[in-house]
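The primary structure of each chain is shown beneath.
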Amino acid sequence: MTKRNPISVPDGYFQNLEKRLQQIPTQEMQPAAPHGVRRLAPYVAYAASLALLVAVGSLIFRKPAATEEYGWDYVSYLAQSLDPDGLVELKETEELTEDDIRSYLLASNISVEQLNMLSDEEAY
Amino acid sequence: MEGLEQVFNSIVKQYSERLYWHVRRMVGSHEDADDLLQEIFLKIWTALPTFRGEAQLYTWVWRIATNETLNYLRKEKVRALLHFASPDDVAVQKVQADPFFNGTEAERETAKAIARLPEKQRQVFIMRWWDELSYEEISAITGTSVGALKASYHIAKEKIQLNLSDAEVSK
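Residues numbered from 1 in each chain as written. Chains lettered and ligands numbered in written order. Predicted model: local features only at pLDDT ≥ 70, side-chain atom pairs only at ≥ 80, totals over all residues.

Peer 1: What am I meant to see in the overall build of chain A here?
Peer 2: Along the backbone of chain A there are six helices and zero strands. Going from the N terminus to the C terminus, chain A shows its helices and strands as α-α-α-α-α-α. Within chain A, buried positions represent 6% of all 124 residues. Long-range pairs, those at least 24 residues apart, make up 60% of the contacts in chain A with a sequence separation of at least 6. (Helix = DSSP H or I, 4+ residues; strand = E, 2+ residues; numbered from the N terminus. Buried ≥ 20, exposed ≤ 12 C-beta atoms within 10 Å, placed from the backbone. Contact = placed C-beta atoms within 7 Å.)

This is how it looks when you write it as C-alpha cells:
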C-alpha cells in the first residue's frame, strides 16, 4: 500500500473553506452561556412532567384517610377527582344512594378500566 | 464573545484542512465532506462555551469531528437500507464516482477496500494511516484503549489486503 494521496479538491477550495467556516459565528445565533437556563431546560421539563404525573396519580388513586372504611365514599371522592371542572362538591355528611353514584358516573364518562378498578376496591 | 470568535477562528485556521481530509476519507466524496465539515464546525462553535479545558483543545476538536462523522455514516447506512441498497455498495460507489479521484487503478481499489471497512475500524485505520495520529492520541479522542486500537488497526489492514487480493483474483 502506498501513501500517495490520490484525491484532490477543487481549485482554491481551502482558502474559500476557511472564509466560509469563519462566517459561522456571525451567521448563527450566539452560543448560550454554559450554565444558562437553556442547559437546564430539558431537566426542568422532565421534573415538571414527573411532578405532574405524581400529583395527578396521587389525586386519583389516593384513598382518603377519613373515609377508609366506606367504599362508596371512596367512589364519591374519586368521582370528584375525575370531574375536570371540579364542579361536583359532595359533603362527607351527605347521604348518597347508589342511584346518585350511578348517574354521576354515567355523566362523568368514566372509562371501563376505571370502573374495573372501582369494583376491585369494593372490599373497603 | 469576541474572545470566543477568536478562539473559533484559530480552530478553523489550525484544523479545517486536516479535518477535511479525515472526513473526506471517511465519507468518500468531496460534497459530503464539505457539508459535514460545516456541521462539525457549527457544532464546535455552539459547544465552544462549554469547553472547560479538561481535555486538550486538539483532542476536543477531533472528538467532535469523529463523533459527528460516525453519526453521519450511521444515518447514511439507514438511508441506504431504506432504499434497499447495501451500505457497502453505496460507500464503494462514492469512491468509484468521485470526480476528484486522480490516482491509479490500484489506489482506487485500495480506497474501495477502505470504504468497505466497518465505520469504527475505518476510522481507526484512517486516523493512524492517513492522519498519522499516534495510538495515544487516537485513544484520547475515541476513548478506546491503545491495545484495542492496535488490534483494530491490524484487523483493518488485514481486511484491506484481503480485499485487494480478492479484487486482483477477480480481474
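Peer 1: Teacher, can you tell me more about the interface of chain B and chain A here?
Peer 2: By a frequent convention, interface size equals the accessible area lost on bringing the separate parts together. Between chain B and chain A, the contact holds 26 residues from the first and 17 residues from the second. Counting only elements with at least two residues in the side of chain B that touches chain A, the list comes to α1 (2-27), α2 (30-47) and α5 (105-115) of chain B. It is α1(B) that contributes the most residues to the side of chain B that touches chain A, nine residues altogether. Residues that form the side of chain B that touches chain A fall into these classes: twelve nonpolar, eight polar and six charged. (Nonpolar A, V, L, I, M, F, W, Y, C, P; charged D, E, K, R; others polar.)

Peer 1: What is the right way to read the packing of α1(B) against helix α6 (residues 119-130) of chain B from this model?
Peer 2: Two measures define how a pair of helices packs: the angle their axes make with one another and the distance between the axes. Residue and element names in this part refer to chain B. Direction vectors running N to C along α1 and α6 enclose 135°, while the axes themselves pass 10 Å from each other. It follows from the interaxial angle that α1 and α6 lie oblique. Viewed along their axes, α1 and α6 form a crossing whose handedness is right-handed. In this structure, α1 uses Trp 21, His 22, Arg 25 and Met 26 to contact α6, whose residues at the interface are Arg 122, Gln 123, Ile 126 and Trp 130. Class assignment of the residues belonging to the contact of α1 with α6 gives a composition of four nonpolar, two polar and two charged. (Axes fitted to C-alpha atoms, helices over the stretch in contact; angles between N-to-C directions. Parallel < 35°, antiparallel > 145°, perpendicular 65-115°, else oblique. Left-handed = near helix turned anticlockwise from the far one by under 90°.)

Just distances and angles here, no functional claims.
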